[in-house]
Amino acid sequence: MKYDLVFEGGGAKGMAFVGAMRAFEAAGHTIGRLVGSSAGAITATSLAAGYSAAEMLAALDEKAGDQPVFATFLGDPTPPPLDRSALAEFIAAIDWSLMPNWAEERLERKALEALAGSPLGRHLLSFFEYGGFYSADPFVEWFRRKLDQPAPDGRPRGYGRMTFAEMHAVTGVDLSLTASDTTNGRLRILNHRTTPNLPVVWGTRMSMSLPLLWQEVVWREEWGPYRGFAGDTPVEIPLAGSVIVDGGLLSNFPIELLVSQEPMVRKIMGEGAADAVAGFLIDENLPVPDAPPPPAGKSTGALDKLGALRTTQRLKGLVDTVTQARDKMVIDENRARVVRLPARTYGTTEFGMDEARRDALIKAAEEVTRDYFAAGGLESLGEPTTDESDRIALEMLRLE
């Protein structure tokens, strides 16, 4: 069968998708439209570029020195110009009433220079200036290389610098990624219809940008406007200067976008020619058989002292609370279309997990996916309704 596929966000837990796709391939199914949110955007884009499960597993095996390459995605940020930084404005606003102006300015300058000169300080400057403790530049460079890497049979890819329109023209694969426009408070669906001039690598970078953890992405003029619809009327929305972050902030499992038959949704998502829709959901309530325990007291460097990861987890908890109520309604309605991948005890930022722990996660996902398709997949549970999916999909795509 041919399936339209949806991949949920989940940070490092997204490694489970490799196991899911291994079972999907073994069952002999093929891919139609692809939708990815956050970590799922990386998988969806990789599949659009022709990656097999075996190739994706090989990518997981890559090392940077003595650590998994994924651990490098939490990059050391470059400090902003100190005199014009947001933190400089914050410090300058402090009233040092007992200190003369010349001494106050000198103290402020010394404090900023000290911050810029230390790893901990650079993360703090990055957080104030760019909305995230880490740079994701290492991810952009790595993923660009992956999209340019030839296929095992020698066929060139060369997608690393292609836009959505260019990649679709070459591959014919209908790829959509979700991103959250925090400037305008709207979900953005990134594909060859809505954002034809946006580089695919940057669309993926936007979608996986967990707020507070990674620096925000600011939309560039050369990426063009966002092309949507107000009813039947095409609308172009300028986005230059808009702040874009993780798609999971507004929708972490947008399966309704592929299920809905509403005309406006179809204009954004395209007309599907697949036999069915399947969504891969990371379920933190399901245990991973034979999984080694998470490492106790593992340090994440200087940011542990800042509490950055704890801050990020707090935000994730708030985001999950907001999105899960809506996602749950759609999941319940489409339960026959949802493959639940076990991920209990696995962390969103556990990018440096060892091979034994990673392999247990992948194996568990492969097994539940194999069982899902062995039972007939969607056909085994009957066809769900789409009323709630239609309503939520239209709300998500509303432009104002």
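Owing to the predicted nature of the structure, the values given are computational and were not obtained by experimental measurement.

Criteria and thresholds
- Residues numbered from 1 in each chain as written.
- Predicted model: local features only at pLDDT ≥ 70, side-chain atom pairs only at ≥ 80, totals over all residues.
- Heavy atoms only, no water.
- Pairing = 2+ DSSP bridges.
- Helix = DSSP H or I, 4+ residues; strand = E, 2+ residues; numbered from the N terminus.
- Buried < 20%, exposed > 50% of the residue type's maximum accessible area, 1.4 Å probe, protein only.
- Polar contact = N/O pair within 3.5 Å; in protein donor to acceptor, adjacent residues only side chain to side chain.
- Contact = heavy atoms within 4.5 Å.
- Salt bridge = Lys/Arg side-chain N within 4 Å of Asp/Glu carboxyl O.
- Core = buried A, V, L, I, M, F, W, Y, C linked by side-chain atoms within 4.5 Å.

A. Representation of the pairing of strand β11 (residues 233-237) in the model. Taken together, the 5 bridges between strand β10 (residues 226-230) and β11 define a ladder with antiparallel strand orientation. By the bridge assignment for β11, Gly-228 is matched with Val-235. Between the antiparallel neighbours β10 and β11 lie 2 residues, among them Gly-231 with a positive phi of about 70°.

B. A look at unusual backbone geometry. Residue Ser-38 is not a glycine yet carries a positive backbone phi of 60°. One can find Ser-38 in the loop between β2 (30-37) and α2 (39-48). With a phi angle near 80°, Thr-345 is a residue other than glycine that sits in the positive phi range. Take Thr-345: it is sitting in the loop between β14 (338-342) and α14 (355-374).

C. Inspection of the side chain of Ser-180 at higher detail. With respect to the secondary-structure elements, Ser-180 resides in strand β6 (residues 175-181). A relative accessible area of 0% places Ser-180 in the buried class. A polar contact is formed between the side chain of Ser-180 and the backbone oxygen of Asp-246, at a distance of 2.7 Å. In this structure the side chain of Ser-180 is engaged in a polar contact, spanning 3.5 Å, whose partner is the backbone nitrogen of Leu-250. Beyond its immediate chain neighbours, meaning those up to four positions away, Ser-180 contacts Arg-186, Val-243, Ile-244, Val-245, Asp-246, Gly-247, Leu-249 and Leu-250.

D. Seen up close, the pattern of salt bridges. Counted under the stated rule, the structure contains 17 salt bridges. For Arg-155, the salt bridge is made with Asp-153, and the minimal N-O distance between the two is 2.7 Å. Across the pair, Asp-153 and Arg-155 agree in class, each one exposed. Put simply, Glu-271 and Arg-266 hold a salt bridge, and the shortest N to O gap is 3.8 Å. Connected through salt bridges with shared partners, the residues Asp-61, Arg-358 and Asp-359 form a single ionic network.

E. Examining α2 more closely. Within α2, 10 of the 10 residues are buried, leaving the element largely enclosed by the surrounding structure. Every buried residue of α2 is accounted for by Ala-39, Gly-40, Ala-41, Ile-42, Thr-43, Ala-44, Thr-45, Ser-46, Leu-47 and Ala-48. Directly after α2, the chain includes Gly-50, whose backbone phi takes a positive value near 90°.

F. Geometry of the environment of Gln-261. By secondary structure assignment, the location of Gln-261 is in the loop between α10 (256-259) and α11 (263-269). By relative accessible area, which is 54% here, Gln-261 ends up exposed. Every residue in contact with Gln-261, bar those within four places of it in the chain, is listed here: Arg-266 and Asp-390. A distance of 3.2 Å separates a polar atom in the side chain of Gln-261 from the backbone oxygen of Val-259.

G. The arrangement of the nonpolar core in detail. Ranked by size, the top nonpolar core spans 101 residues in total, and within it Leu-5, Phe-7, Met-21, Met-206, Trp-214 and Phe-280 carry the most contacts. The element that contributes the greatest number of residues to this core is α14, accounting for 7 residues. In this view, Met-206 contacts Ala-179, Leu-190, Leu-198, Val-217, Trp-219, Trp-223, Ile-244, Val-245, Asp-246 and Gly-247; residues no more than four positions away in its chain are not counted.

H. Structural detail: the pairing of β6. Extensive coverage of β6 is indicated by the burial of 7 of its 7 residues. Bridge analysis of β2 against β6 gives 4 bridges, and the strand direction is parallel. If you follow Gly-36 over to β6, its bridge partner there is Leu-177. Sheet topology places β6 next to strand β7 (residues 186-190); 5 bridges connect them, and they run antiparallel. In the strand pairing of β7, Thr-178 is matched with Ile-189. Hairpin remark: β6 followed by β7, antiparallel, with 4 residues in the connecting loop; positive phi at Gly-185, about 65°. Bridge analysis of β6 against strand β12 (residues 243-246) gives 3 bridges, and the strand direction is antiparallel.

Any functional reading would require information beyond the geometric quantities listed.
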